[in-house]
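# Observations on the three-dimensional arrangement
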Amino acid sequence: DPSMEKFEFTIGDDVIPFYLGKQCFPDIADEIIAIGKVQRFDRVFIGCDENVNRLHVSMFVEALQAKGIDHHVCVTKSGEKNKSMASLDYIFGDLLSHDCTRNSIIIPFGGGIVGNMFGLAAALLFRGIRFVHVPTTFLSAHDSVTSKKQAINHTNLKNIVGTYYVPTAIMVNVSVFETLTQDNLRSGSGELTKNAVMFGGDHLSVLEPILKRHAGNLCYTEDEILALMRMGIRAKGMLLKDDPKERTTAIIFEYGHTVGHAVELTYGVSHGCAVALGMLAASFIANKMGIMSDADRAAHDELVGLLDVWLPLAPTPELRAAVFKRVAGDNKRGYLPLKKGYFPMILAKKIGEMHKPNKYYLEYVPEAVLRAAIEDLITKRYKPMFADIITAQTVVPVKKRPQYLSHFAATDMLASWVSTVLFPTTSAAV
């Protein structure tokens, strides 16, 4: 049996080979050589951040060296704040000073930020050179790499400077996922849960038993990750084939993202986890507007609940206002005519059926209902981080937690942890 499965992933008129396997860096090296037989390359440029450079680059480079592939590694700083024009400028300088030519191949080797930055660099250098995605996170491997969108941030706006550019190939070695935190696995699972709500069927029947099997402690086997990856790839391919720029039918992939993006930016939670929380807000809204029945909402929220996603800060007027303000500036506002006091959102009727009031799947949501949904979400999904660390042995290492958590917020969380974990008999339920 071949060590890597091969799919053909279609975005509009472009057919992209997608390879999926485990322990397969040598096979990835062989496929890169095969690309060179179609059109020769002089050198490959591996783009990664500091974390991936520390964890995985040596193994990948070893496989390339064993096959005689000339390479250079370009390392950028980690984190969303470095998805910037300054980083892009550094990438240009580093690649050109190491003899990058129009016959070179760029290999983004990392998560979504690395993929976006080096994908954009590939689109711009020499007006476009080949690039091959080799993602190292669960979320990027089935989500961000399966897209033509390449971008960086600017002026505090996310993905605002970019273009559409197609990778030559996508190659995934799921064995690198073993170093991922629970939070990253949960984040990748959030987007797959969204797909399960959108499409139902196999997307639900494959995902739900795996989530139930690992409830409270996401630790997937490589075979489970392969199964989930296949479903994620299939979901994106179903719609991108006919909507390559994700502007009509494929906009439903933004389900959960309207409130989700606002939560992500306000609380600093990971993208897929924020999308899961946004889905809970969307089901609240759909239920209040008579689009989703009580029973269908219960089934929807039970599925999302398997991800065990919580907010780390107690609700305050400032947090409510910040989330609402960001929802009000959501990037889907340009699709429908502006309607004062209403906000366009993608909603579901039930698992497997989306609400479609127009070709964009966008419904006008009254401000009062939106505010009630935000209040419901940030109140009911609050769980102190310290309790989460101790009881679930989860997620993001403390040193990576958002820096904006103030002394007072930390004190509040520590007090909650002491009362709920050390003295559970005298505390209220969290």
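These numbers come from a predicted model, not from an experiment. (Residues numbered from 1 in each chain as written. Predicted model: local features only at pLDDT ≥ 70, side-chain atom pairs only at ≥ 80, totals over all residues. Heavy atoms only, no water.)

### Some remarks on helix H10 (residues 257-267)
For clarity, the threshold we go by: Residue burial is assigned from relative accessible area. The probe radius is 1.4 Å, only protein chains are included, and a residue is buried under 20% of its type maximum, exposed over 50%, and partly exposed in between. Strands are runs of DSSP state E lasting at least 2 residues, helices are runs of H or I lasting at least 4, and numbering of each runs from the N terminus. Contacts: residue pairs with any heavy atoms within 4.5 Å of one another.
Judged by how many residues are buried, H10 sits mostly within the fold: 10 of 11 residues are covered. Burial in H10 covers these residues: His257, Thr258, Val259, Gly260, His261, Ala262, Val263, Glu264, Thr266 and Tyr267. The elements touched by buried residues of H10 are strand E8 (157-164), helix H7 (182-199), helix H11 (271-288), helix H13 (317-328), strand E10 (342-346) and helix H14 (367-380). Looking one or two residues past H10, glycine 268 carries a phi angle of roughly 80 degrees, positive in sign.

### Quick look at the side chain of asparagine 116
Note the cut-off: The term polar contact refers here to a pair of N or O atoms within 3.5 Å; inside protein, the definition further demands a hydrogen-donor-capable atom paired with an acceptor-capable atom, and it admits residues adjacent in sequence only when both atoms are side-chain atoms.
Assignment of secondary structure puts asparagine 116 in helix H5 (residues 112-124). Note on asparagine 116: relative accessible area 10%, which makes it buried. Within polar-contact distance, the side chain of asparagine 116 engages the side chain of lysine 83 at 3.2 Å. Once you skip the residues sitting within four places of it in the chain, asparagine 116 turns out to touch Lys83, Lys149, Gln150, Ala151 and Asn159.

### Side note on unusual backbone geometry
For aspartate 99, which is not a glycine, the phi torsion comes out positive at approximately 70 degrees. Residue placement: aspartate 99 occurs in the loop between helix H4 (85-97) and strand E5 (105-108). What makes aspartate 99 exposed here is its relative accessible area of 55%. In this structure, aspartate 308 takes a positive phi of about 55 degrees despite not being glycine.

### What to know about the packing of aromatic side chains
Operational definition: Pairing of aromatic rings covers Phe, Tyr and Trp, the last counted by its six-membered ring, and requires centre-to-centre distances within 6.5 Å; plane angles under 30 degrees mean stacked, over 60 mean edge-to-face, and any other angle means tilted.
Inspection of every chain in the model, using the stated rule, returns 11 aromatic pairs. Centroid distance phenylalanine 60 to phenylalanine 109: 4.8 Å. Interplanar angle 35 degrees. Geometry classified as tilted. One end of the pair, phenylalanine 60, is in helix H3 (residues 57-66); the other, phenylalanine 109, is in the loop between E5 and H5, and 49 residues separate them in sequence. Look at phenylalanine 60 and you get buried, because its relative accessible area is 0%. Looking at phenylalanine 109, the relative accessible area reads 0%, which means it is buried.

### Looking at the sheet that holds strand E1 (residues 4-11)
In plain terms, the rule: In this description, strands pair whenever DSSP reports at least two bridges between them. Axis geometry follows a simple rule: fit a line to the C-alpha atoms, using only the stretch in contact for helices, then measure angles between N-to-C directions, giving values from 0 to 180 degrees.
The strand order E1-E2-E9-E6-E5-E3-E4 describes an open sheet built from seven strands, whose pairing is mixed. One side of each edge strand has no neighbouring strand; the edge strands of this open sheet are E1 and strand E4 (71-76). Averaged over all neighbouring strand pairs, the angle between strand axes comes to 25 degrees, with direction disregarded. Sheet topology places strand E3 (residues 44-49) next to E5; four bridges connect them, and they run parallel. By the bridge assignment, phenylalanine 45 is partnered in E5 with isoleucine 106.

### Re the packing of helix H8 (residues 201-213) against helix H9 (residues 222-240)
Filter applied, for reference: With the far helix as reference, a near helix turned anticlockwise by less than a right angle produces a left-handed crossing, and one turned clockwise produces a right-handed crossing. Any residue that is not Ala, Val, Leu, Ile, Met, Phe, Trp, Tyr, Cys, Pro, Asp, Glu, Lys or Arg is counted as polar, Gly included; the first ten are nonpolar and the last four charged.
As a packed pair, H8 and H9 sit with axes 10 Å apart at the nearest point and diverge in direction by 150 degrees. Crossing hand, H8 versus H9: left-handed. Where H8 abuts H9, its residues Asp202, His203, Val206, Leu207, Ile210 and Arg213 lie against Glu224, Ala227, Leu228, Met231, Arg234, Ala235 and Met238. Counted by class, the contact of H8 with H9 contains eight nonpolar, one polar and four charged residues.

### Overview of the pairing of E10
With four of five residues buried, E10 is to be regarded as a mostly interior element. Bridge count between E10 and strand E13 (residues 362-366): five bridges; the pairing is antiparallel. Along E13, the bridge assignment pairs proline 344 with tyrosine 364.

### Examining a nonpolar patch on the surface
To keep it simple, the criterion reads: Patch membership is restricted to residues that have no salt bridge and whose relative accessible area is over 30%. Joining uses 9 Å for like charges and 5 Å for the nonpolar side chains Val, Leu, Ile, Met, Phe, Trp and Tyr. Only the protein chains shown count as cover for residues, and the accessible areas themselves come from Shrake-Rupley with a 1.4 Å probe. Whenever Lys or Arg places a side-chain nitrogen within 4 Å of a carboxyl oxygen from Asp or Glu, that contact is recorded as a salt bridge.
Together, Met85, Leu157, Ile160 and Val161 give the surface a local cluster of nonpolar side chains, amounting to about 330 Å² of exposed area. It is E8 that provides the largest number of residues to the nonpolar patch, a total of three residues.

### Considerations on the pattern of salt bridges
Per the counting criterion, the structure on display carries 16 salt bridges. Between lysine 148 and aspartate 14 there is a salt bridge; the shortest N-O distance is 3.7 Å. Pair noted here: lysine 148 is in the loop between helix H6 (138-142) and strand E7 (149-154) and aspartate 14 is in strand E2 (residues 14-21), with a separation of 134 residues, a long-range link. We classify lysine 148 as buried; its relative accessible area is 13%. Residue aspartate 143 is joined to lysine 236 by a salt bridge in which the shortest nitrogen-to-oxygen separation is 3.7 Å. Of this pair, aspartate 143 sits in the loop between H6 and E7 while lysine 236 sits in helix H9, placing them 93 residues apart in sequence. The same class applies to aspartate 143 and to lysine 236, which are both buried. The network of salt bridges with common partners includes Arg297, Asp301, Asp376 and Lys380.

### Topic: the packing of helix H1 (residues 25-38) against H3
Keep this limit in mind: When describing relative orientation, an angle under 35 degrees is termed roughly parallel and one over 145 degrees roughly antiparallel, while 65 to 115 degrees is termed roughly perpendicular and anything else oblique.
Closest axis-to-axis distance for the H1/H3 pair is 8 Å, and the angle between their directions is 50 degrees. Taken as axis vectors, H1 and H3 run oblique relative to one another. For H1 against H3, the interelement crossing comes out right-handed. The segment H1 lies against H3, with Phe25, Pro26, Ile28, Ala29 and Ile32 engaging Met59, Phe60, Ala63 and Leu64.

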